[in-house]
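Summary of the model geometry
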Amino acid sequence: LETQTLEDLALARLVCLTRAMPADAAPLAAAWHALGPCDKRILTNHFLADGIHETAIMLGFLPLYFANSRANLAVGLHLSLVVLIELLEIIRTAGFSNREKGNNVAISVDISDVAAFAKEVAAPRAFEAIPAYAKLDEMRRGLKLVISSKHWQRAKSKTWKEETQEMYAVMKKVERSCVELVQRHQPSESNQITGASKRKGVSRKVPL
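Procedures and definitions
- Residues numbered from 1 in each chain as written.
- Predicted model: local features only at pLDDT ≥ 70, side-chain atom pairs only at ≥ 80, totals over all residues.
- Heavy atoms only, no water.
- Salt bridge = Lys/Arg side-chain N within 4 Å of Asp/Glu carboxyl O.
- Helix = DSSP H or I, 4+ residues; strand = E, 2+ residues; numbered from the N terminus.
- Buried < 20%, exposed > 50% of the residue type's maximum accessible area, 1.4 Å probe, protein only.
- Axes fitted to C-alpha atoms, helices over the stretch in contact; angles between N-to-C directions.
- Parallel < 35°, antiparallel > 145°, perpendicular 65-115°, else oblique.
- Left-handed = near helix turned anticlockwise from the far one by under 90°.
- Contact = heavy atoms within 4.5 Å.

Focus on the pattern of salt bridges
Taken as a whole and judged by the stated rule, the model has four salt bridges. The salt bridge involving Glu89 is made with Arg92; its shortest N-O contact spans 3.3 Å. Residue Glu89 and its partner Arg92 are both found in helix α5 (residues 76-93); the two are separated by three residues, about one turn of the helix. What makes Glu89 buried here is its relative accessible area of 3%. Taking the relative accessible area as the measure of exposure, Arg92 reaches 28% and is therefore partly exposed. Across the pair Lys156 and Glu120 runs a salt bridge, and its minimum N-O distance is 2.8 Å. With Lys156 in the loop between α8 (149-152) and α9 (164-184) and Glu120 in helix α6 (residues 112-120), the pair connects residues that are 36 residues apart, well separated along the chain. Overall, the relative accessible area of 59% leaves Lys156 in the exposed class. Take Glu120: its relative accessible area is 30%, and that puts it in the partly exposed class.

Let's talk about the packing of helix α4 (residues 62-71) against α5
At their nearest, the axes of α4 and α5 sit 8 Å apart, and the two run at 135° to each other. Accordingly, the angle class assigned to the pair α4 and α5 is oblique. Our pair here, α4 against α5, has a crossing hand that is right-handed. Residues Leu62, Tyr65, Phe66, Ser69 and Arg70 of α4 lie in contact with α5, whose contacting residues are Gly76, Leu77, Ser80, Leu81, Val83 and Leu84.

Structure below.
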């Protein structure tokens, strides 16, 4: 897997998180390239955050989330990425990613409940609606994303359809965030791996 740009590095990170085999390369790349530019930027920023110079959101059970999503025909990898983007925006807009906790710029978020939902859900619409029914609970160590019991009751329904008003609010929030991201970044900054990045040990090729 060639890594010429920051997006390539983010995709390589996704390869590791999904424990992809060589045969998975094409479907994984297709799921990534089906995302819009703003969505790719959000994921790239997330996957490449180092926890030193910028806040890193450490998602516990993320590999399980991807594994359950890929194994569930009602979800799949692409939809799991779409929902992940919205969940990251929930964390960011809640203000947790901007908190200063001493020298700690890494925030731990347990998404085991979301991973379990990805395994059980029977309707794509119900999975896509997760951000409208998820909340952040503060734990002794970090945060936990929890899906409401109301939405868990719909997990096995194959005919459930979202409530338009709630889904519209979620999508508008993501849209606004994307616009802000684009405005904050110049095109020249976005993709090329710099010499400094190479000196930090960026690999030119990541084997599958």
